[in-house]
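For reference, the chains in residue letters:
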Amino acid sequence: MSLTRRWPLPGPYDLHRSLGVLRRGPYDPTCRVAPGAVWRASRTPQGPVTLHLAQSRTDVTATAWGPGADWALDRLPALLGAEDRPEAFVAHHRLTREAHRRLPGLRLVRTGLVLESLIPAVLEQKVTSDEAYRAWRLLVRRFGEPAPGPAEGRPEGLHVMPDARGWALVPSWEWHRAGVDGKRSATVVRAARVAPRLEEAAAMALPDALARLQRVPGIGPWTAAETVQRSGGEPDAVTVGDLHLPRQVGYALTGRRDADDARMLALLEPYAGQRHRAARLILAAGPRMPRRAPRMYVRDIARL
């Protein structure tokens, strides 16, 4: 049986751009994008849920299946960005002013689910996106479960990720087969063992949420920020420790290619309270820095 709820649009709204940050690559088994719609398979505190979101000119219609349907629909406005306040953003550069004007439908979403964003962020530590997406895809399909609801009309292969116990019990050879080294797999297992405490971070203020996540060995500022951006919809959770973001922000705002974290934070200082939103706008509309160095080497530890 399905449940349905509608969210009236508060104004300009871009479903794909707003929820796009929740998809881990084009073949993410937990999130699929279709014209005018998004499919999500999540593990809520009440159990698995399949959520189909379809945008019209006036609203977003959500249809949910599974034990977690009520939980997901009760939090539908937050998921879609109703708690976000894009009008609070004040541009301090021509680029961000233009980006904010051109992308009025971009909202910062809030899933309320920490582990769902934390684990793929851990898998993305110090590897290429393709490596991390492959690992996430293989592990979810291998140890997760098919998304609830009728198969007809649903994207093929939609899966719900494992629960915390399932992640903690993934055998070492399966991590290796998915291309995940011992450091990252150990971090996921440690996080899974204290999952209830980490999930509390979704309701915490930003400093407390970041501190709570970073108490787990292997979770640093980069992973914590990437997590709370999605689970808490935090507009000021700027990502530090990223290989590309400082240079991209620096190049977009100054034309220089050599920005580091300190320089990026200095450039974003006028946006205090909205630094993550500013970075999102810069990435969405700013000029792309021409590539000069070779791409990061893709490792395949599964072959070792």
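Summarised in this report is the structure supplied together with it.

Rules of the game
- Residues numbered from 1 in each chain as written.
- Predicted model: local features only at pLDDT ≥ 70, side-chain atom pairs only at ≥ 80, totals over all residues.
- Heavy atoms only, no water.
- Phe/Tyr/Trp six-rings, centres within 6.5 Å; stacked < 30°, edge-to-face > 60°.
- Helix = DSSP H or I, 4+ residues; strand = E, 2+ residues; numbered from the N terminus.
- Buried < 20%, exposed > 50% of the residue type's maximum accessible area, 1.4 Å probe, protein only.
- Contact = heavy atoms within 4.5 Å.

Regarding the packing of aromatic side chains
Item 1. Counted according to the given criterion, the structure contains five aromatic pairs.
Item 2. Plain terms: the ring middles of Trp39 and Trp65 are 6.0 Å apart, the flat faces sit at 10° to each other, and that makes the pair stacked. Separated by 26 residues along the polypeptide, Trp39 in strand β3 (residues 37-44) and Trp65 in strand β5 (residues 59-65) bring together distant segments of the chain. We note that Trp39, like Trp65, is buried.
Item 3. Measuring from ring centre to ring centre gives 6.2 Å for Trp167 and Trp175, while their planes differ by 25°; the resulting arrangement is stacked. For the residue pair Trp167 and Trp175, the accessibility class agrees, reading buried in each case.
Item 4. Three or more aromatic residues joined by ring pairs make a cluster, and in this case those are Trp136, Trp167 and Trp175.

Structural notes on the environment of Pro246
Item 1. Along the chain, the position of Pro246 falls in helix α13 (residues 245-254).
Item 2. Placed 33 residues apart in sequence, Pro246 and Ala279 show a C-alpha to C-alpha distance of 9.5 Å.
Item 3. The contact partners of Pro246, leaving out residues within four places of it in the chain, are Ala259, Asp260, Asp261 and Met264.

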